[in-house]
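# Notes for the structure review
Chain by chain, the residues run as shown.
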Amino acid sequence: MLLLADKFQCRQGSGSACRSIYGGFVKWCMGKNDDGSDSMAVQLVDESHWDDLVIIIAVVSSKQKETSSTSGMRDTVETSPLLQYRAQTVVPSRILKMEDAIKNRDFESFARLTCADSNQFHAVCLDTSPPIFYMNDTSHRIISLVEKWNHSEGTPQVAYTFDAGPNAVLIARNRKTATLLLQRLLYTFPPQENDLDSYMLGDKSILSDAGLQSIADVEALPAPPEMKAPNQKFKGDVSYFICSRPGAGPKVLTDESHALIDSATGLAKGV
């Protein structure tokens, strides 16, 4: 599994922890030991290797999931024949192709592999007994938006991926493409409240790059040319967006007062 480093917190024993061990692109090596001691993260390239990429995260829901990632994976391992095929046949070759795409900064291959792997992961969830539904209607609309745009351009402009939840992680090939993506997203999913600033977190400057200074600018956005039903809008279906870039890994602090962890106890300060 290849993961793009981000700045979210992780927990011990979680596969998502790989994303915070190093910056840039990280490979999670499965390992063979029953105790998991040889299952570890390996950095493929740092965050400067492919710094053209821009990430927009659509936070669809912050509600508690019906099925946790841990229990869901346990059920999938026990009941899904598709998972066995995926692990034995699909993933090994896909990993090699993905490593080459990252090394060569081949966005077309990267995007196709990313989308295909995300879709297959959720197919495995549906193949579980009882089936697991992590994505919702809004998730599917975001996929449709990206797929229609990519198809109309003849080559992928954006990659999408969903983990065990409905939130979309959208990776644009460069800043210009990210602004076009944002225009499409805000046309389709305008904010519920008349507050554009709180609707975009992280790098807010992308709003200016996209020519969006106010709600009036959002309301004036033209329908994307590839959209067959231009009047379809889903106000309030997305809680907010986050704009980011491939993140850096942990850094050594020279001033311990800036640390969030108490060096004496190993616990978060204040605990």
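Fair warning: this is a prediction, and the values are worked out from it, not measured in the lab.

## As for the pattern of salt bridges
Inspection of the entire model under this criterion finds 10 salt bridges. Arg-112 is paired through a salt bridge with Glu-108; the nearest N and O atoms lie 3.2 Å apart. Of the two residues, Arg-112 and Glu-108 are both situated in helix H4 (residues 107-126); the distance of four residues between them amounts to about one turn of the helix. Residue classification places Arg-112 among the partly exposed residues on the basis of a relative accessible area of 46%. The salt bridge involving Arg-175 is made with Asp-203; its shortest N-O contact spans 2.8 Å.

## Some remarks on helix H5 (residues 137-153)
Spanning 17 residues, H5 covers 25 Å between terminal C-alpha atoms, matching the ideal 24 Å at 1.5 Å per step. Of the positions making up H5, those classed as buried are Thr-138, Ser-139, Ile-142, Ile-143, Leu-145, Val-146, Trp-149 and Asn-150. When H5 is viewed along its axis, its buried side chains cluster within an angular range of 155 degrees and face the same direction. What points out from H5, more than 90 degrees from its buried face, is the exposed set Asp-137 and His-151. The N-cap residue of H5 is Asn-136: its side-chain oxygen and the backbone nitrogen of Thr-138 are 3.1 Å apart.

What counts, and at which threshold
Residues numbered from 1 in each chain as written. Predicted model: local features only at pLDDT ≥ 70, side-chain atom pairs only at ≥ 80, totals over all residues. Heavy atoms only, no water. Salt bridge = Lys/Arg side-chain N within 4 Å of Asp/Glu carboxyl O. Helix = DSSP H or I, 4+ residues; strand = E, 2+ residues; numbered from the N terminus. Buried < 20%, exposed > 50% of the residue type's maximum accessible area, 1.4 Å probe, protein only. Expected span 1.5 Å × (residues − 1). Arc of directions from axis to C-beta. Polar contact = N/O pair within 3.5 Å; in protein donor to acceptor, adjacent residues only side chain to side chain.

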